[in-house]
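Read off the chains here:
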Amino acid sequence: MTIDQTAGTGSLQLHDSRAQMLREFVPLDPANVTVYVCGPTVQSGPHIGHLRAALAFDILRRWLAHRYGRVTFVRNVTDIDDKVLANATDAEPWWALAYRMEREFTAAYEGIGILAPTYEPRATASIPQMIALIEELIAEGHAYAAPADSVAAGDVYFDVRSWAAYGELTRQSIDDMEPAADAEPRGKRDPRDFALWKGTKSDEPADAAWDSPWGRGRPGWHIECSAMSRRYLGPEFDIHGGGLDLRFPHHENELAQSSAAGDAFARYWVHNGLVTVDGQKMSKSLGNFVLASDVLAERAPVVVRYALLAAHYRSSLDVSNKAFDEAEAAIERIRAFLERALRTLRDADRDTIIHAAPPARFVAAMDDDLGVPQALGVVHERVREGNSALDAENASAALTAFADVAVMLGILGVDPLDPQWGGGGGGPEIGALDTLVRTMIEQRARARETKDWATADRIRDAVAAAGITLEDTPHGTHWSLS
Ligand SMILES: Nc1ncnc2c1ncn2[C@@H]1O[C@H](COP(=O)(O)OP(=O)(O)OP(=O)(O)O)[C@@H](O)[C@H]1O
Ligand SMILES: [Zn+2]
């Protein structure tokens, strides 16, 4: 792929939560855009808030890939944390729970077409990097171990008063902040100091602790992301993402730790708006969640994807059956047009489709802080125009509309005919099968053209033996599983 395929049509504007305004996105290295997104704490299964967050960054990533080609995309898994330990049982240790939940997240992400990250590091696999970062912070005078004779002995805290810029991300002064909730207050110099390392407690499992210069223990949540982003992307990278709920304290603390350790860290901060229920964040802790698995049992994955990306990623989204019904109707309108157009298109036309560039207004919408609602507006407009062209038997106008729609749907990952949806339930193997069967259909058509009936019959029999039925129609041969 070439660098910046849309050069000349404008620049990508992203809302940077740190600057609190739109900024032109200029990558450090246009040949490799770097993104770190905070992944889930795998204490329980994904709800649709998690899907929306992952989807927001999937769209960002796809658009960056369209513009620049290569994107190194890292999304971590927090597999050690207070919450994971709290949900473990005697029958299911913390590491078994974390892995089971990680698989549930992966299944839900893949189910709605979220691309796998380039790297997906688990926090427990970067403990030495976290310890090294904490040691740097202590050496620079920005962190301290709790006094050995205090109840917090074994903990290490970030010293917020030592870092004058603390609060810069969310524009707060230290004195206005709440005390940090996650550490033993009696070992701290300031109630806002937060834990970098947590000494193991007597009631915690022995295998949930690692050796460190401060005794056995485990990392705090914030240091995990500072260490993993540095390890996988280096001390400076382009975009740091996560849900709006993570801006404070999580991202504020990540920024403080990494900058205090001398890293330039993220150049842009992007936060997705929250899925809410009656105005409140959908959350495991509040118990007001809708599980991803429940929605996916009721609705086609492409409909769920469409519904969750149809609102701008920075808006709050109160999900309702109405939103899913509307997405279903929109997907059906698109599907009907694609199928209708496909019936009239010839194979020779496919080249045009593959080489189409998205319409300029779609590009402008996406460049304007990922304006997916406007971009989908362009999709529906081209669907209407394509249908009119088909009504008027204007083949060339129908073909360009089809090509536009196909390329836009491809970028957004919501093409209802994409083999990845497998007719509603299958996986990528359906796509592979489709390619193979189509090849055989073509060979059979060629044999028939040359009146080589023996070969044509042999191919039909081979396909039938694999449990596949071929149906010859005036518009070509369709296949289905018998
Ligand atoms: N309701 C929501 N809407 C949008 N994004 C969310 C929502 N809940 C969590 N996220 C995002 O999902 C990602 C993974 O989050 P994480 O596992 O830390 O969830 P969490 O905030 O602990 O969830 P919960 O509050 O349900 O326990 C984060 O980027 C987070 O901001
Ligand atoms: Zn993080």
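Residues numbered from 1 in each chain as written. Chains lettered and ligands numbered in written order. Predicted model: local features only at pLDDT ≥ 70, side-chain atom pairs only at ≥ 80, totals over all residues. Heavy atoms only, no water.

## Considering the overall build of the protein
Check the secondary structure of the protein and you find 15 helices and 15 strands. With respect to the principal axes defined by its C-alpha atoms, the protein has extents near 90 × 50 × 40 Å. Out of the 482 residues in the protein, the part that is buried amounts to 51%. If you take every contact in the protein between residues at least 6 apart in sequence, the share linking residues at least 24 apart comes to 74%. When the accessible surface of the protein is totalled, it reaches about 21600 Å², and 52% of it is carbon and sulfur. Where the 48 positive side-chain charges of the protein centre and where its 70 negative ones centre are 3 Å apart. (Helix = DSSP H or I, 4+ residues; strand = E, 2+ residues; numbered from the N terminus. Buried < 20%, exposed > 50% of the residue type's maximum accessible area, 1.4 Å probe, protein only. Contact = heavy atoms within 4.5 Å. Areas by Shrake-Rupley, 256 points an atom, 1.4 Å probe, with all protein chains shown as cover. Lys, Arg positive; Asp, Glu negative; His and termini not counted. Charge placed at Lys NZ, Arg CZ, Asp CG, Glu CD.)

## Concerning the sheet that holds strand E3 (residues 33-37)
Sheet strands pair via backbone hydrogen bonds, and the direction of the pair is either parallel or antiparallel. Spatially, E4-E3-E9-E10 is the arrangement adopted by the four strands of the open sheet, whose pairing is parallel. Of all the strands in the sheet, just strand E4 (71-75) and strand E10 (265-272) have a single pairing partner and so form its edges. Neighbour-to-neighbour, the strand axes of this sheet turn through a mean angle of 20°, independent of strand direction. Looking at chain direction, E3 and strand E9 (residues 236-243) are connected through three bridges and run parallel. Bridge pairing links tyrosine 36 to histidine 240 in E9. Sitting on the sheet, helix H6 (residues 247-260) touches E9 and E10, and the angle it makes with E10 is about 175°. (Pairing = 2+ DSSP bridges. Axes fitted to C-alpha atoms, helices over the stretch in contact; angles between N-to-C directions.)

## Considerations on the sheet that holds strand E12 (residues 280-281)
The strand order across the open sheet built from three strands is E12-E11-E13, with neighbouring strands paired in mixed fashion. The sheet is open, and its two borders are formed by E12 and strand E13 (317-318), each paired with just one other strand. Relative to E13, strand E11 (residues 275-277) runs parallel, the two sharing two bridges. Within E13, the residue paired with valine 275 across the bridge is leucine 317.

## Digging into the UniProt feature "short sequence motif: 'HIGH' region" (unreviewed entry) in the protein
Using the residue numbers shown here, the UniProt feature "short sequence motif: 'HIGH' region" (unreviewed entry) corresponds to residues 40-50. Note that residues 40-50 is 27% helix and 0% strand, and that its end C-alpha atoms are spaced 8 Å apart. (UniProt positions renumbered as here; feature names shortened; annotations may be inferred.)

## Some remarks on the site of ligand 1
Taken together, 23 residues surround ligand 1, and among them Thr41, Asp245, Val275, Lys281 and Lys284 come closest. Within the backbone of glycine 49, an N or O atom sits 3.1 Å from a nitrogen atom of ligand 1. Separating a nitrogen atom of ligand 1 from a backbone N or O atom of methionine 282 is a distance of 2.8 Å. Here ligand 1, which alone exposes 600 Å², has 96% of that area covered by the protein. Elements represented by at least two residues in the shell around ligand 1 include exactly helix H1 (48-68) and E9. Its residues assigned to classes, the shell around ligand 1 shows seven nonpolar, 12 polar and four charged. (Near = heavy atom within 4 Å. Polar contact = N/O pair within 3.5 Å; in protein donor to acceptor, adjacent residues only side chain to side chain. Nonpolar A, V, L, I, M, F, W, Y, C, P; charged D, E, K, R; others polar.)

## Quick word on the coordination of the zinc ion (ligand 2)
The zinc ion (ligand 2) binds to the protein through Cys38 (SG), Cys225 (SG), His250 (NE2) and Glu254 (OE), with metal-donor distances spanning 2.0 to 2.5 Å. Around the zinc ion (ligand 2) sit four donor atoms; with metal-centred angles ranging over 74 to 129°, the donor geometry is irregular. Each donor residue of the zinc ion (ligand 2) lies on one chain, and together they are spaced C-x186-C-x24-H-x3-E. You can see cysteine 225 sitting in helix H5 (residues 221-233) and its partner glutamate 254 sitting in helix H6, a full 29 residues away along the chain. Taken as a pair, cysteine 225 and glutamate 254 share a single burial class, namely buried. (Donors = N, O, S within 2.8 Å, 3.2 Å for Na, K, Ca; no water. Tetrahedral: all angles 85-135°; square planar, octahedral: opposite > 155°, others 65-115°.)

## Examining the packing of aromatic side chains
According to the stated counting rule, one finds 14 aromatic pairs in the structure shown. Seen from their ring centres, tryptophan 197 and tryptophan 214 are 5.9 Å apart, and the 55° between their planes marks the pair as tilted. Note that tryptophan 197 is positioned in strand E7 (residues 194-199) and tryptophan 214 in the loop between E7 and strand E8 (217-219), a separation of 17 residues in sequence. Three or more aromatic residues joined by ring pairs make a cluster, and in this case those are Tyr36, Phe237, Phe265 and Trp269. Lying over the aromatic face of tyrosine 268, arginine 23 brings its terminal NZ or CZ to 4.1 Å of the ring centre. When the ring centre of tyrosine 157 is taken as origin, the NZ or CZ atom of lysine 188, which lies over that ring, is 5.9 Å away. (Phe/Tyr/Trp six-rings, centres within 6.5 Å; stacked < 30°, edge-to-face > 60°. Lys NZ or Arg CZ within 6 Å of the ring centre and 35° of its normal.)

## Some remarks on the pairing of E4
Counting buried positions along E4 gives five out of five residues, so the element sits mostly inside the fold. On E4, burial covers both faces: Val71, Phe73 and Arg75 on one face and Thr72 and Val74 on the other are all buried. For E3 and E4, the ladder comprises five bridges, and the chain directions are parallel. Residue pairing across strands places valine 35 opposite phenylalanine 73, the latter belonging to E4. The parallel pair E3 and E4 is bridged by H1, and the resulting crossover is right-handed. (Right-handed = clockwise from strand over helix to strand, strands pointing away.)

## Remarks on the environment of alanine 116
Examined against the element boundaries, alanine 116 turns out to sit in the loop between helix H3 (94-111) and helix H4 (127-139). In the structure, alanine 116 is positioned 10 residues away from threonine 106 in sequence and 8.4 Å away in space, judged by C-alpha atoms.

## Let's talk about H1
If you check H1, its first and last C-alpha atoms are 30 Å apart, about what 21 residues at 1.5 Å a residue would give, namely 30 Å. Along H1, 20 of the 21 residues are buried, which leaves the element largely enclosed by surrounding structure. In the segment just after H1, glycine 69 is the residue with positive phi, at about 95°. (Expected span 1.5 Å × (residues − 1).)

## Remarks on the packing of helix H9 (residues 321-344) against helix H12 (residues 372-391)
Close contact between H9 and H12 brings their axes to 10 Å; oriented N to C, the two are set at 40°. Looking at the two axes, H9 sits oblique to H12. Considering how the two elements wind past one another, H9 and H12 form a crossing that is left-handed. Residues Ala330, Arg333, Ile334, Phe337, Arg340, Ala341 and Thr344 of H9 form the contact with H12, whose participating residues are Val379, His380, Val383, Gly386, Asn387, Leu390 and Asp391. For the contact of H9 with H12, the class distribution of residues is seven nonpolar, four polar and three charged. (Parallel < 35°, antiparallel > 145°, perpendicular 65-115°, else oblique. Left-handed = near helix turned anticlockwise from the far one by under 90°.)

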